[in-house]
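The chain contents come next:
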Amino acid sequence: MVLNDRQKRFADEYIIDLNATQAAIRAGYADRSAYSQGQRLLKNVEVQAYIEERMESHKKETIAKQEEILETLTAILRGEEKGATLRGAGKGRQVVDDMPPTTTERIRAAELLGKRYGIWQENKTLDVRSAVTFVDDILDDDTD
């Protein structure tokens with residue numbers, strides 16, 4: 001079964017606020033039956049599949065990819081990325097200025113990139129002989 005236009009509109013409207021009743025009304029269903037229509041449509045397998053497909057494509061568009069994150073951290077580290085900061089302009093006024101990243105922000109970006117590439121691994125050696133004490137006289141019985 002293929003979804004009709006009103007079912008697709010319901011699904012698209014439902015994705016906006018996850019309110020089935022309001023989505024049914026906005027899709028053109030009668031106000032008095034919107035609640036039951038919304039619940040019925042949410043149980044429809046094709047409508048569910050359509051909603052999941054649309055939500056997945058929306059998620060792909062809105063969530064940053066690994067490459068984008070690494071590019072942003074690199075731009076911060078290099079001082080290429082600008083951040084907004086408030087600056088006093090006299091007489092109680094403030095203006096927004098674009099400022100390069102602070103040293104702290106650049107160091108943090110370097111730390112995150114270093115962790116990603118395994119640069120900051122600490123090598124700790126544990127001497128097992130000094131960490132474990134053996135008790136070798138458990139079986140010795142001095143009481144003959």
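Above this note sits the structure.
Residues numbered from 1 in each chain as written. Predicted model: local features only at pLDDT ≥ 70, side-chain atom pairs only at ≥ 80, totals over all residues. Heavy atoms only, no water.

Trainee: Explanation requested: the pairing of strand β2 (residues 93–99) in the structure shown.
Mentor: Regular strands have side chains that alternate between both faces of the sheet. Judged by how many residues are buried, β2 sits mostly at the surface: 0 of 7 residues are covered. In the sheet, strand β1 (residues 83–90) pairs with β2 via 7 bridges, with the strands oriented antiparallel. Bridge pairing in β2 places Gly90 opposite Arg93. Counted between consecutive antiparallel strands, the loop separating β1 from β2 contains 2 residues, among which Lys91 sits at a positive phi close to 55°. (Buried < 20%, exposed > 50% of the residue type's maximum accessible area, 1.4 Å probe, protein only. Helix = DSSP H or I, 4+ residues; strand = E, 2+ residues; numbered from the N terminus. Pairing = 2+ DSSP bridges.)

Trainee: What is the right way to read the layout of surface pockets from this model?
Mentor: In this approach, a probe sized like a water molecule rolls over the atoms, and the result shows the empty space that is left. When its volume is computed, the largest pocket comes out at roughly 150 Å³. Tallying contributions element by element places β1 first for the lining of the largest pocket, with 3 residues. Within the lining of the largest pocket, the residues separate by chemical class into 5 nonpolar, 3 polar and 3 charged. (1 Å grid on protein atoms, 1.4 Å probe; cavity = no way out; pocket = protein on both sides within 12 Å on 5 of 7 lines; lining within 4 Å. Points joined across faces, edges and corners; volume = space filled by probe spheres on them. Nonpolar A, V, L, I, M, F, W, Y, C, P; charged D, E, K, R; others polar.)

Trainee: In this structure, what is going on with the packing of helix α3 (residues 34–43) against helix α4 (residues 45–62)? I would like to understand it.
Mentor: In a packed pair of helices, the relevant descriptors are the angle between the two axes and the axis-to-axis distance. Packing of α3 against α4 leaves a shortest axis separation of 5 Å and a crossing angle of 80°. What the angle tells us is that α3 and α4 run roughly perpendicular. Across the interface between the two elements, Leu41, Leu42 and Lys43 from α3 touch Val45, Val47, Gln48 and Ile51 from α4. Looking at the contact of α3 with α4, its residues break down into 5 nonpolar, 1 polar and 1 charged. (Axes fitted to C-alpha atoms, helices over the stretch in contact; angles between N-to-C directions. Parallel < 35°, antiparallel > 145°, perpendicular 65-115°, else oblique. Contact = heavy atoms within 4.5 Å.)

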